[in-house]
Amino acid sequence: MLALPDLQKAFAGYLSGGDGVDLARIVRGDSISAAARLRIHRHHVQQSLATALAATFPTVHTLVGEAFFGAMAGSFVVKDLPTQPVLAEYGAAFPDFVDGYAPARDLPYLPDMARLDWALNVAFHSPDGPRLAAADLDSIAPDRLLGLALDLTPGSALVPSAFPIDRIWQASQPGANGSQVDLAAAGASLLVGRRSDDAAFVALDAAEAAFVTAILGRATLEAAAQAAFAVEPAFDLSTSFGRLLALQAFAALR
Amino acid sequence: MDPVAGIGLRSPHLAEIAREKPATGFLEIHAENYLAGSPARQTIEHLRRDYEFSVHAVGLSLGSAEGLDEKHLDRVAGLIERLEPQLVSDHLSWSVAGGRYFNDLLPLPYTEESLAVVVRNVQRLQERLGRRVSIENPSCYLAFEHSILSEPEFLAEVARRSGCGLLLDANNIFVTAHNLRLDPADWLAPLPADAITEYHLAGHAVNYADGERVLIDDHGSHVSDAVLDLFGEIVRRYGKRPTLVEWDTDIPALDVLLDEARRAERVLMAGRADARAA
Amino acid sequence: MNTTRFAIASALAAALVLPATAQAQPNIEKCYGVAKAGKNDCQTAKSSCAGTSKTDNQADAWISVPKGTCDKIVGGKLTAS
């Protein structure tokens, strides 16, 4: 007999890959052995968490298929169990795990697809709030505008990649046509954000990506513009800033 | 809440329900799906105007010896303050140990020690929420050698000491009785009728372990006739309560689920399983 | 205000008065809908094959070949760097 804290510790050890010998000793066995009964729980933990990861990383799941995803997710689950019960918040470390997962090394774009899936998941589960509109900035003097540090909407993220991850994403959608994506095509930087009833992304060019990266780092608009000009001297600040405003990418001023 | 039948609200049906507002007794959600500020959370907050709600938590881990996760408890409390549901429940099980969350309803030994742990956790939950909660009997696949109480005796004692309600899942009773070789009628005998607040129904699957049939509580099919028979027996014995049909695996079209709830409601109203096809 | 600062301020100000047509939004990918909210539903329901022993040691990844849509992704670089 084990005291409850020890029993739960032993059960946790078994579910994390231990042999469960100490546990099987205190479980009633009959024509179904204690070990077989315990395995039902271990299978459920592994499969249900792999299923939750498949829902959080749908593009990765589609790209590699059920069997490969199940093996990859299963390896991740035993190493990195959730630390809290909300499964929509489980899997932050999965993209880096995919990056180091040797069987996937022939799919070099896969970690970035996982990062895109995760960013969409985070954006979707972030609170909706008031957005910044162009009119909110009308009355601000140019000098103050330069010194303003804007916030993107909660849950926004930039996913940069050396691969055309926007086109890979499109090719992985249900109902996508069979056309191929050439990995040699230029990389993409995607701005991911929450909208009123979904999460979405938009592709940015290199200078826009530098502008948004600076803003995510709480740079002033002036410093962000300078960062973009450093990448592309012909950066069209008006058009890009207007586009971000039209996308409602910024949170309202506090 | 009236003793009517409702459905477990699952995300594939969310948009259709928000659009069509089909008639059903009530909607039950899993708390953990709606703790973040997603569009889905906004949708159910709107649906509050049209439906009675029940909030069924799956992650409070009321059987954890280490006590409740206060951060998680705060988030669940926030949802409940917002939705003001008619019923709030979680399970007689545990899913957290050493800061790891196992996404399973893990079994407890039914001992005095476990009883003290569960009562303490249920009391803390009720104190934090400022209301009574109900505890559901889990589906069991194993039992511990050192259990000294039967599951219904244990549940009855938790209800007596903490003042909580009981949520009886007829499918879980059926699955547990089969897997642990118990008689469902014996299982029912020791329960206090006045503590029972809600019933659950779902389908189960047949699987094999060591070459023997095991019933798996997969919520993936129609409620079996045998479970509806048992449900009729429960209603005769303990009376009518709000009754939920859950379907979580191979989720069917919404109409199929709504029909299943109507079938359960016929049994509920007549207290007879043979009323299911009427 | 030096010339660069002036140019940036002007460009920002100009963005505030762009006509709506100039702000056409190309290629926003709508990705998610409310159907994405159900991850915790898989706890109360057991995986139906949970009793099956062959679910131990899920396919050995080294011999498991990706069989999804990744065959559409061709050519190009072999490493991310």
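To keep things clear, this report deals only with the structure shown in the data block. (Residues numbered from 1 in each chain as written. Chains lettered and ligands numbered in written order. Predicted model: local features only at pLDDT ≥ 70, side-chain atom pairs only at ≥ 80, totals over all residues. Heavy atoms only, no water.)

Details of the sheet that holds strand β12 (residues 243-246) of chain B
Residue and element names in this part refer to chain B. Spatial strand order, β1-β2-β3-β4-β7-β8-β9-β12: eight strands in a closed barrel with parallel pairing. In this sheet, neighbouring strand axes are inclined to one another by 30° on average, regardless of whether the strands run parallel or antiparallel. As paired strands, strand β2 (residues 27-30) and strand β3 (residues 53-56) are joined by four bridges and run parallel to one another. Directly across from His 30, in β3, lies its bridge partner His 56. (Pairing = 2+ DSSP bridges. Helix = DSSP H or I, 4+ residues; strand = E, 2+ residues; numbered from the N terminus. Axes fitted to C-alpha atoms, helices over the stretch in contact; angles between N-to-C directions.)

Topic: the interface of chain A and chain B
Taken together, the 46 residues of chain A in the interface contact 46 residues of chain B. With both sides pooled, the region where chain A packs onto chain B buries about 3900 Å², and carbon together with sulfur makes up 61% of that total. Summed over the shared surface of chain A and chain B, the number is two salt bridges. A salt bridge links B:Arg181 to A:Asp30; the nearest nitrogen and oxygen atoms lie 3.4 Å apart. Summed over the shared surface of chain A and chain B, the result is 21 residue pairs in polar contact (both at pLDDT 80 or more). At the level of secondary structure, the elements contributing two or more residues to the side of chain A that touches chain B comprise α1 (4-15) and α3 (34-56) of chain A. By residue number, the principal contributor to the side of chain A that touches chain B is α3(A), which donates 10 residues. Within the side of chain A that touches chain B, the residues separate by chemical class into 24 nonpolar, 12 polar and 10 charged. (Contact = heavy atoms within 4.5 Å. Buried area = accessible area lost by both parts, 1.4 Å probe. Salt bridge = Lys/Arg side-chain N within 4 Å of Asp/Glu carboxyl O. Polar contact = N/O pair within 3.5 Å; in protein donor to acceptor, adjacent residues only side chain to side chain. Nonpolar A, V, L, I, M, F, W, Y, C, P; charged D, E, K, R; others polar.)

Quick word on the pairing of strand β5 (residues 94-97) of chain B
Taken residue by residue, a regular strand's side chains alternate between the two faces of the sheet. Residue and element names in this part refer to chain B. Of the pairings in the sheet, the one linking β5 to strand β6 (residues 100-106) comprises three bridges and is antiparallel in character. Bridge assignment links Trp 94 to a residue of β6, and that residue is Leu 106. The antiparallel hairpin formed by β5 and β6 contains two residues in its connecting segment, where Gly 98 sits at a positive phi of about 60°.

A look at the environment of B:Leu168
Residue and element names in this part refer to chain B. By the element assignment, Leu 168 lies in strand β8 (residues 165-169). Considered as a pair, Leu 168 and Thr 243 are 75 residues apart in the sequence and their alpha carbons are 9.5 Å apart. If near-sequence neighbours (up to four positions away) are discounted, Leu 168 is found in contact with Asn 137, Trp 187, Leu 188, Leu 191, Ile 196, Glu 198, Tyr 199, His 200, Ile 234 and Tyr 238.

Looking at the side chain of B:Asn137
Residues and elements named next belong to chain B. Secondary-structure assignment places Asn 137 in the loop between β7 (134-136) and α5 (151-162). By relative accessible area, which is 0% here, Asn 137 ends up buried. Apart from the residues lying within four places of it in its own chain, the contact partners of Asn 137 are Glu 151, Leu 155, Leu 167, Leu 168, Asp 169, Asn 172, Ile 173 and Trp 187. (Buried < 20%, exposed > 50% of the residue type's maximum accessible area, 1.4 Å probe, protein only.)

Focus on the nonpolar core
It is characteristic of soluble globular proteins that their nonpolar side chains tend to be buried jointly. In this structure, A:Phe11, A:Phe69, A:Met72 and A:Tyr109 are the most contacted members of the largest nonpolar core, which totals 148 residues. The element that contributes the greatest number of residues to this core is helix α4 (residues 58-79) of chain A, accounting for 10 residues. Every residue in contact with A:Tyr109, bar those within four places of it in the chain, is listed here: A:Leu63, A:Phe163, A:Ile168, A:Leu183, C:Cys70 and C:Ile73. One finds A:Leu158, A:Ala225, A:Leu237 and C:Ala15 within the second-largest nonpolar core, a separate group that totals 38 residues. (Core = buried A, V, L, I, M, F, W, Y, C linked by side-chain atoms within 4.5 Å.)

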